[in-house]
Amino acid sequence: MTAQVWIGLAGVKQQGTGESILEKDKGGYVNILLLANSIDDYRSKVIQFLSENNLELQELEDVEKLSIRLEYHEIEEKLIYLAEVVKKTGIPQFGTLHTFN
């Protein structure tokens, strides 16, 4: 089975004391795009990707193949660009982070 680009909205918080994209904020929500074969594969890879970035997954919503999302919704150009990066490099990508204190 060929991996496809999947997208989902992750609720995240700081993991440990290392630096992360959250800086001094307590948590946030961010779309994550990565190559996966299933929802379970996506979730597993998200947890690993977040851990590598000193983040912990709190919740995960709206997970689906990007191709399906595009059939029903318009998404921001940045996410389209990031999906192309994922396809070319295989490296997971963060969308825009929305933080809270």
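This text follows the structure it describes.
Residues numbered from 1 in each chain as written. Predicted model: local features only at pLDDT ≥ 70, side-chain atom pairs only at ≥ 80, totals over all residues. Heavy atoms only, no water.

## Section: the packing of aromatic side chains
Right, on to step 1. Taken as a whole and judged by the stated rule, the model has 2 aromatic pairs.
Right, on to step 2. Here the aromatic rings of Y29 and F100 are separated by 6.1 Å at their centres, their planes lie at 45 degrees, and the arrangement is tilted. Of this pair, Y29 sits in strand 2 (residues 27-36) while F100 is found in strand 5 (residues 98-100), placing the two residues 71 residues apart along the sequence.
Right, on to step 3. When the centroid spacing of 4.6 Å and the interplanar angle of 35 degrees are considered together, the rings of F49 and F94 count as tilted. Residue F49 is located in helix 1 (residues 39-52), and its partner F94 is located in strand 4 (residues 93-94); the two are separated by 45 residues in the primary sequence.
Right, on to step 4. Given the relative accessible area of 9%, F49 is considered buried.
Right, on to step 5. Relative accessible area serves as the criterion here: at 18%, F94 is assigned to the buried category. (Phe/Tyr/Trp six-rings, centres within 6.5 Å; stacked < 30°, edge-to-face > 60°. Helix = DSSP H or I, 4+ residues; strand = E, 2+ residues; numbered from the N terminus. Buried < 20%, exposed > 50% of the residue type's maximum accessible area, 1.4 Å probe, protein only.)

## Overview of helix 3 (residues 77-89)
Right, on to step 1. Spanning 13 residues, helix 3 covers 18 Å between terminal C-alpha atoms, matching the ideal 18 Å at 1.5 Å per step.
Right, on to step 2. Every buried residue of helix 3 is listed here: L79, L82, A83 and V86. On an axial view of helix 3, the arc spanned by its buried residues comes to 105 degrees, and they lie on one face. Opposite the buried face of helix 3, at more than 90 degrees from it, the exposed residues are E77, Y81, K87 and K88.
Right, on to step 3. A positive backbone phi angle near 80 degrees is found at G90, which sits one or two residues after helix 3. (Expected span 1.5 Å × (residues − 1). Arc of directions from axis to C-beta.)

## Notes on the side chain of N31
Right, on to step 1. Relative to the elements of secondary structure, N31 occurs in strand 2.
Right, on to step 2. Using a relative accessible area of 18% as the deciding quantity, one classes N31 as buried.
Right, on to step 3. Apart from the residues within four sequence positions on either side, N31 is in contact with I7, G8, L9, R69, L79, Q93, F94, G95 and T96. (Contact = heavy atoms within 4.5 Å.)

## Some details on helix 1
Right, on to step 1. Helix length check: helix 1, at 14 residues, gives a terminal C-alpha distance of 20 Å against a target of 20 Å (1.5 Å per residue), a fit within 8%.
Right, on to step 2. Considered for burial, the residues of helix 1 that qualify are D41, Y42, V46, F49 and L50. Along the long axis of helix 1, the arc covered by the buried residues comes to 160 degrees, so they all point the same way.
Right, on to step 3. The inward-facing, buried residues of helix 1 abut strand 1 (4-14), strand 2, strand 3 (55-65) and strand 4.
Right, on to step 4. Where helix 1 ends, the next residue or the one after it, N54, has phi of about 55 degrees, a positive value.

## Some words on the pattern of salt bridges
Right, on to step 1. Applying the stated criterion across every chain, the model contains 3 salt bridges.
Right, on to step 2. Across the salt bridge formed by D41 and K45, the nearest N and O atoms sit 3.4 Å from each other. Of this pair, D41 and K45 both sit in helix 1, separated by 4 residues, roughly a single helical turn.
Right, on to step 3. Since its relative accessible area comes to 31%, K45 is described here as partly exposed. (Salt bridge = Lys/Arg side-chain N within 4 Å of Asp/Glu carboxyl O.)

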